[in-house]
Each structure stands twice: as C-alpha cells, then as structure tokens.
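Report on the structure
The chain contents come next:
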Amino acid sequence: MRLPDEHGRFGRYGGMYVPETLMSALTDVEAEFRAAQKDPAFQAEMDLYLADYVGRPTPLYFAERLTQHLGGPKIYLKREDLAHTGAHKINNALGQILLARRMGKKRIIAETGAGQHGVATATVAARFGLECVVYMGRVDMERQALNVFRMELMGTEVRGVDAGSKTLKEAINEAMRDWVTNVDSTHYILGSALGTHPYPEMVREFQKVIGTESRSQIMEKEGRLPDRLIACVGGGSNSIGLFYPYVEDTGVRMIGVEAGGRGIASGEHAARFQGGTLGVLQGCMTYLLQDDDGQIELTHSVSAGLDYAAIGPEHSYLREIGRAEYTYADDTEALAAFQRLSELEGIIPALESAHAIAYCLREAPGVSKDEIWVVSLSGRGDKDVQQVARIMGKGHLG
Amino acid sequence: MNRIERCFQQLKQQGRKGFVAYIGAGDPTLDVTVDLVIALADAGADVVELGVPFSDPLADGLVNQLSAQRALEAGADVPGVLRAIQQIRARGCEVPICFFTYFNPIYHYGLERFAQDASSAGADGILTLDVPVEEGSEYVKPFRENGLSTIFLIAPTSSDERIAKIVERTSGFIYYVSRAGVTGERTELAVGVKEQIERVRRHSGLPIAVGFGVSTPEQARLTASMGDAVVVGSAIVRHIAEGDGSAEHVAAVAEFVRTLADAAHASEPTQ
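Keep in mind that what you see is a predicted model, and the values were worked out from it rather than measured.

Basis of the calculations
- Residues numbered from 1 in each chain as written.
- Chains lettered and ligands numbered in written order.
- Predicted model: local features only at pLDDT ≥ 70, side-chain atom pairs only at ≥ 80, totals over all residues.
- Heavy atoms only, no water.
- Pairing = 2+ DSSP bridges.
- Helix = DSSP H or I, 4+ residues; strand = E, 2+ residues; numbered from the N terminus.
- Contact = heavy atoms within 4.5 Å.
- Axes fitted to C-alpha atoms, helices over the stretch in contact; angles between N-to-C directions.
- Buried < 20%, exposed > 50% of the residue type's maximum accessible area, 1.4 Å probe, protein only.
- Lys, Arg positive; Asp, Glu negative; His and termini not counted.
- Salt bridge = Lys/Arg side-chain N within 4 Å of Asp/Glu carboxyl O.
- Domains from an automatic or database assignment.
- Buried area = accessible area lost by both parts, 1.4 Å probe.
- Polar contact = N/O pair within 3.5 Å; in protein donor to acceptor, adjacent residues only side chain to side chain.
- Nonpolar A, V, L, I, M, F, W, Y, C, P; charged D, E, K, R; others polar.

**With respect to the sheet that holds strand 2 (residues 47–51) of chain B**
Residue and element names in this part refer to chain B. The strand order across the open sheet built from nine strands is 5-4-3-2-1-9-8-7-6, with neighbouring strands paired in parallel fashion. Each edge of the open sheet carries a strand with a single partner, namely strand 5 (149–151) and strand 6 (153–154). Relative to strand 9 (residues 229–232), strand 8 (residues 208–211) runs parallel, the two sharing two bridges. Looking at the pairing, Ala209 lines up with Ala229 of strand 9. Helix 7 (residues 137–145) rests against strand 4 (125–128) and strand 5 of the sheet, and its axis sits at about 165° to strand 4.

In structure tokens:
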C-alpha cells in the first residue's frame, strides 16, 4: 500500500494537527504537489536544476581507509556534502521553491536548526528572486554563526527566536505563526520530513533522490545492493531520502542514528526512540520527548540539526513494522567520528552526519568483510569547525 | 443542555450579544485563576475560555505564549486545571467554562479520561486549536458522551465545503476567527467579517462567537454586533500579566472585563 494514505497517515503516525486557518493552504500545497509530480515539465525543470545548479548526482565514494581502519564491511559514503550549499537540504528546498513559483507565491519562509536548511532556502530564494525570511533559535544562531552570515549574504532576513530552548522546535513554532498570518502571500518551506501532511511525504519525495542515486551507483560498483544503510535522524529527511527507495528490498537493513547527547540516562539528548512516547507536535502524531503532563521536553545534542523533540512520522512507522532500526550515538562518539573521518579520509563531516559515522566506528569492527554499507554523509562540517575547536580546547580558533 | 447551550439560549431570548473572556489557566497561579474566573463572571462574562498551558502554543501570539510559560513555571498542569474548575464550582460560580487547548496535553492525559474528568469537574466545552475537523472523528465522541460541547474554529480561509463539515461536528457555539493569524491584540478590526459570518450562517443555526484581535470596548461592541458574541483574550491576559495576583489586581482585571462585557451587551445587531 502506498503511504501516506489520503489522510496523511503512515499507519497511526502523521496526520494534520494544525489550526483551521492553515487547512486551505495545506490543501493547495498538496494539490499543487500532486499536479507537479505528474507534470513532465516540472520534472524536467527539477532535473535541470538538480544537475547544473545542485551538482547531482553526488558521488558514492568508497571510503577505503576508513574501511581498512575498522577492518569490517566495505563502507561507501553518499556524498551529499558535495551538493551545492554543502548538504542534502538543497534537494528539498529546490523542489519546494519550484512549487511555490507554480502557486504564484511571492514570499518564502523557513525554519532552520543547524542552518543548513536555512542556507539552502536562502540560496534558492536568491536564485529565483523571492523574498525570504528564516527563523532560527538564538542558541543555534550562536553555534552556527557562519550559516547566519551566509543567509544574510544571499539577501535573506534571519529572525532570531528567543522562546523555550531557542533551538529548532521554537523556530518551527515561529515559522508556523508567520505562515498562519501571511498564508495568502507566503509558502513555508519546511526543511525536514516532519510536521503536518503533506510535508513528510513531500520532503521524502524531494529527498529520495539520495536513495535512488545510491542504489544505481552501488549496483554499478558492486553489482548488488548494500547490506546496511546508515543515516543520522533529526527530523529525518536525509535518512528517509536514503531509505525510501530500498523499502521493498527487505534484505537491506536500514539504520537510523539519533542524537544521544550527553547520554540517555542524563535526560539531555534527542533520541526519541529511547524514552519517547506517542504524541502530537507541530502538526503530526509521532514519537516525542515529553513529560508526564504532555509538555514537550528540552532536548540536547552537540549537533543543532539533530536537536529536536519529535521524529518524522514515517520513521515511527518504519520502526513499528520492523522495517528500519534505530540506535543513537552520543556527543562524545560524534565528536570522535568527526575527527576520525577528517584524519582518515580528508572529509570533514557535519556534526549531524558524524553520528552516522559514529555508528560505523562502533559497529563495523567484527562485521564480515563481505558486507557492504552505504552511509549518508548528509552534510559537510565547515559550519561546525569553530564549535568543535572550542570543545576541543583550541580556544584561539573559536 | 449544558451551561454553554443554556447561556446562548438565554442571550437569544433576551436579544442580547454575549461576551466571552479568555484567560490562561495557572497564570500567575491556579489559585488566582479560580478567583479570576469568579470575578470575570461577576463582571459580566457570559462564557469563560480557560487556556490549558502548553509548551509549544504555535497558534498563539506573544502575550498568550508568555502566559502559558508563566503558568508552566508556576507548576500548572492538566490535573491542576481540572481541580481549579472543581473549586470554581464549589464556590457556587456557574459561568459556562470552555477549555481552549492544544491537543498533546489532553491526548497524553487520555481523551476518554480527560472528557470524564472535565465533565465531573464542571467544564462545559472544549476547543482544541490544532485539531481541525479532519482529525475530529475520534476526538469528538468522548466529549459529546460526557456532555461537553465540541467547539471548532472557522477561519476566513475556510471553504464552504469545509464549513459544512465543521458545523456537523460542532456543538455549543462556533468560534469564528476574524482574521488569519495568531491570537493577539490589533489596532484595526478585520474587514469583511459581517459577510463572512453570513456565509457561516447559511450552514448552521449555531451561535457564532467572533474573536482574534479584539482588545477595546469599542472593538468588542462592533464585533459582537456582527455575530452572537465576541471573544477577548490577549488584552485581558496582558492585564493579568501586569499585576501580582492580589485581590486588588483581580478586581482591576475584572473592572477592565466589565467595560468589555458592558460594551458587548450594549451592542445592537447590524442590519
């Protein structure tokens, strides 16, 4: 069965939990998205920009030294870090801005955590000449100052959000408030596979290029499908993009890596499948970190892009049916992976992607050398180097 | 017939417009909320909407966000809000009380359990901001079974097709959101409200309360004239935020509410 269903549900997850004022806009977005999917001209336009502007296909790179170092499976990296703007976020931002143009919208808003989605949105807004406002938690603005400047350089207004934990969740609240107020003129480019229907589906469809490309690339290089797919999961867009084209290939294990923060026992983490419960946040029913009263809990991760209290609804579904597995890596493991990949491969990963690498460092030793793993290297780490330098005590760089 | 339905029936019989006051429960404390609701009823509020504090109130403007934050910091939670309603009833106040909430806190409490406990505490209705009619099928049942009105929003952006679906699930009254946007005070009233309300009337004979952006007695009078009642929230919440919760402060808030209620009650239907 094709999911989500007509109510935007993946099993019991997903749905449309939004104020009435947004319902007509969401219906319009969905209708335009369905029309665009069937429109060869839209697909041709997407393909053109994906190739010449984004730089797709991104390489599937055999990480030979990392593989040798770990002594286990052959590890391939899907190099989303080499896409324009340095992360997979551009795939979705491009798709949605082309939709917004079809709908005649003049103004774009977005939220951002790590800043990668904000940068991707600012980029396409500049390219297509649309007004753009990006909401960003004040804490994230500090730890991702470089990305704030990049957005501003491209003509986007970055609005700091001071509520709650001042991170991604609050930025989404503020973007929703803007949208509900300016719904006629504005399209909201949500950056992850979460929130209200049709976003989880739409974002997946624009991100599945990661999985589709990697599938044909691995077939070409190895003549068979991989044994495991590994990706970090914040909201879950790079992971669902990688996983989705393999869902029917039941021999391929799919592993999502959440942010373990300062450890699960500390309570300071963003691992929704470790102690999270079913609930509704920002438009969808899914697993959340919440307290006994149904209040959303503050999360922590060294990586701003994974620092979010809810997981995309399709991940909750894939976990429930046993198709995908979810684990976590903590801040320390992610930082070690950040360094190790830099040393071994000359590739500085984003701190988000470093969580997927951390899984390899932990799990690969002892696994058969005949296995093939494909890891989503969802973004590059330039944006994180100052923060990591600070953490490593290289204060003169921070 | 519950208190909300009786209230609107009486208003209709008297040929009067109603006044609905919103306050955030637990701001500054749940004890003060009990005093405030009673004082607001005495000051002429026909219905009180009681906000259930939530950590992520995405349909609210800054004034109500900060109110929810204060309430949570002061320890308000769902069981506490239910106890406050019990105390209001124990003190003999019979003003109709309607919850104004987000879905997650009541879903987490358990819908069935919440409906039962709300009913036995003495609540009369519920409006859940982030439950549109599409998600309403399982949601409505427990509340109706426990005698609570289920109130839904209708917005300027709601199509006729949607309005028809919404009114089917609505009881008590319709909450017409007079403008796209979040809760909060505005200096200008929304335009075209009268025409929009006539559009809603073609689908339903239920009373219509009009809200979002109303803050002064004059705005309350004008807005009430277009529907059956007017809702004022943020302007009252701002007055609550400016004091210390003392008896004098509660009395001052009630005095402000009296000016709004009097204006709404003095309102004549527009022709």
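Further notes follow.
**Description of the side chain of A:Glu111**
Structurally, the position occupied by A:Glu111 is in strand 5 (residues 107–112). For the buried residue A:Glu111, which engages in no salt bridge, the nearest side chain bearing the opposite charge is A:Lys89, 6.5 Å off.

**Focus on the domain arrangement of chain A**
Reports often express the size of an interface as the amount of accessible area lost when the parts come together. All names here are of chain A. Taken as a whole, chain A is organised into domain 1 (9–50 + 89–203) and domain 2 (56–86 + 207–397). Contacts between the two partners involve 41 residues from domain 1, matched on the other side by 43 residues from domain 2. Where domain 1 abuts domain 2, roughly 3,500 Å² becomes buried across the two surfaces, and 57% of that area is made up of carbon and sulfur atoms. The three residues of domain 1 that bury the most area against domain 2 are Tyr13, Arg143 and Lys169, which together make up 21% of that side's buried surface. Between the two partners, domain 1 and domain 2, sit two salt bridges. Across the pair Arg12 and Glu320 runs a salt bridge whose closest N-O atoms are separated by 3.1 Å. Summed over the shared surface of domain 1 and domain 2, the result is 18 residue pairs in polar contact (both at pLDDT 80 or more). Elements supplying a minimum of two residues to the side of domain 1 that touches domain 2: strand 1 (9–10), strand 2 (13–14), helix 4 (89–102), helix 5 (116–128), helix 6 (138–143), helix 7 (145–153), helix 8 (168–181) and helix 9 (199–207). Grouping the amino acids of the side of domain 1 that touches domain 2 by side-chain chemistry returns 17 nonpolar, 17 polar and seven charged.

**Thoughts on the pattern of salt bridges**
Under the counting rule described, the total for this entry stands at 52 salt bridges over all chains. Among the ionic pairs, A:Asp178 bridges to A:Arg159, the shortest N-O distance being 3.8 Å. Taken together, the positions of A:Asp178 in helix 8 and A:Arg159 in strand 7 (residues 157–161) put the pair 19 residues apart, joining distant regions of the chain. Measuring nitrogen to oxygen at the nearest pair gives 3.5 Å for the salt bridge that ties B:Arg238 to B:Glu242. Given a relative accessible area of 33%, B:Arg238 falls into the partly exposed group.

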